[in-house]
Amino acid sequence: MNTPLLCLDVGGTEIKGAVVCDGRLLTPLRHFPSRSHEDRETLLQNFTSIIRALLNEPGAPKAVGGLRLAFPGPFDYPNGICLVQGLDKYDALYGVSLRKELFDRLPGLLKGPEDIRFINDVAAFALGETHYGDARGSARSMSVCIGTGCGSAFCVGEGLAPDGIPGVPKGGEIYPTPFLGKCIDDIVSKRGLVELTSQRLGEPMEGAALAARVAAGDEQAAACFLEFGGRLHDALEPFLRQFRPECLCVGGQITRSFSMFGGPLQDLCLELGTKLFVAADTSELAMAGLCTL
């Protein structure tokens, strides 16, 4: 598609946005606070102010052909209705039609509500990888993003894999899969790492803090990070063995420290003949993927 699109990558901490055309950013990637714990009206005003700010960026076209949002689930993507609840972000938008709200709050921007489209944030990243990134040309690929949760997407060729293919869970989402007495989302995520460090080190830490301890020579911190890597290996192994992707693309902020915990997963991919790619910036790829909608 050669029509400029205004694209947002919606996260729990921040919202990233740019005007994009055919996978190429026409404006710099901007970062905005998500305000994801605020009330409904504040959240909706935040979205509209971000969109207006992006349209006023130097180099932005006078008009865009659509608005594309990569949004974390649960979400009714075809109808644009947020179903996030109890995940420590965007609770106030539960049941809200973002398509209707954004269209009504941005008069004259688009021809109709149908020009506003939504997709899972990791699915957008996966489509960016298959169309413009490391997964180009792959018959099968799997993408995983580790952040406030563990998002996933499976692709066959340049499209998302349909349900029913061996190894592909419903909606391509591995996060609710039972794992270590909980589910993958509770274990392979920021909160999973915080719980692990609390148990092993007596102090709750996120990835950056733990990585600093490892870099300073703390062997207990290194062992803790490696245990997290072992959990990542164990969580992904059943899907990798059944789906047999040609490549696995991993993203999320914690991947900045991948060298400290990624060994077990690297070994598994080597065994299976799966190419492993660690994305430096998932947001730019998600922006590119949104262009394919």
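Residues numbered from 1 in each chain as written. Predicted model: local features only at pLDDT ≥ 70, side-chain atom pairs only at ≥ 80, totals over all residues. Heavy atoms only, no water.

- Under an unreviewed UniProt entry, the name given to the protein is ROK family protein, and the organism recorded is Allofournierella massiliensis.
- The heading Sequence similarities (unreviewed entry) in the UniProt record of the protein holds the text "Belongs to the ROK (NagC/XylR) family." (UniProt positions renumbered as here; feature names shortened; annotations may be inferred.)

### Describing the environment of A153
Item 1. Structurally, the position occupied by A153 is in strand β10 (residues 150–156).
Item 2. In this structure A153 comes out as buried when scored by relative accessible area, which is 4%.
Item 3. Leave out the neighbours within four places in its chain, and A153 touches V122, A123, A126, S141, M142, S143, L160 and G172. (Helix = DSSP H or I, 4+ residues; strand = E, 2+ residues; numbered from the N terminus. Buried < 20%, exposed > 50% of the residue type's maximum accessible area, 1.4 Å probe, protein only. Contact = heavy atoms within 4.5 Å.)

### Overview of the packing of helix α6 (residues 207–215) against helix α7 (residues 219–243)
Item 1. Relative to each other, α6 and α7 sit at 135°, their axes nearing to 7 Å. Judged by the inter-axis angle, α6 sits oblique to α7. For the pair α6 and α7, the crossing hand works out as left-handed. Contacts between α6 and α7 involve G207, L210, A211, R213 and V214 from the former and A221, A222 and F225 from the latter.
Item 2. Residues of the contact of α6 with α7, tallied by class, amount to six nonpolar, one polar and one charged. (Axes fitted to C-alpha atoms, helices over the stretch in contact; angles between N-to-C directions. Parallel < 35°, antiparallel > 145°, perpendicular 65-115°, else oblique. Left-handed = near helix turned anticlockwise from the far one by under 90°. Nonpolar A, V, L, I, M, F, W, Y, C, P; charged D, E, K, R; others polar.)

### Focus on the nonpolar core
Item 1. Core analysis: the biggest nonpolar cluster contains 39 residues, and V188, L236, L248 and L265 have the highest contact counts within it.
Item 2. The biggest single contributor to this core is α7, with 10 residues.
Item 3. Judged by nonpolar contacts, the second largest core, of 30 residues, contains L8, A60, F71 and L106. (Core = buried A, V, L, I, M, F, W, Y, C linked by side-chain atoms within 4.5 Å.)

### Points about the environment of I165
Item 1. With respect to the helices and strands, I165 occurs in the loop between β11 (159–160) and β12 (178–179).
Item 2. Sequence separation between I165 and L98 is 67 residues; the distance between their C-alpha atoms is 31 Å.
Item 3. Contacts of I165, omitting those with residues within four sequence positions, involve R140, V156 and F243.

### Let's talk about the pairing of strand β14 (residues 247–251)
Item 1. Most of β14 sits out of view: five of its five residues are buried.
Item 2. With burial as the criterion, each face of β14 is covered, one bearing C247, C249 and G251 and the other bearing L248 and V250.
Item 3. In this sheet, β14 lies alongside strand β9 (residues 140–146) in parallel orientation, the contact comprising five bridges. Paired with S143 across the two strands is C249, which belongs to β14.
Item 4. Where β14 meets strand β15 (residues 275–278), four bridges bridge the pair, whose relative direction is parallel. The residue bridging L248 from the neighbouring strand is L276, located in β15. (Pairing = 2+ DSSP bridges.)

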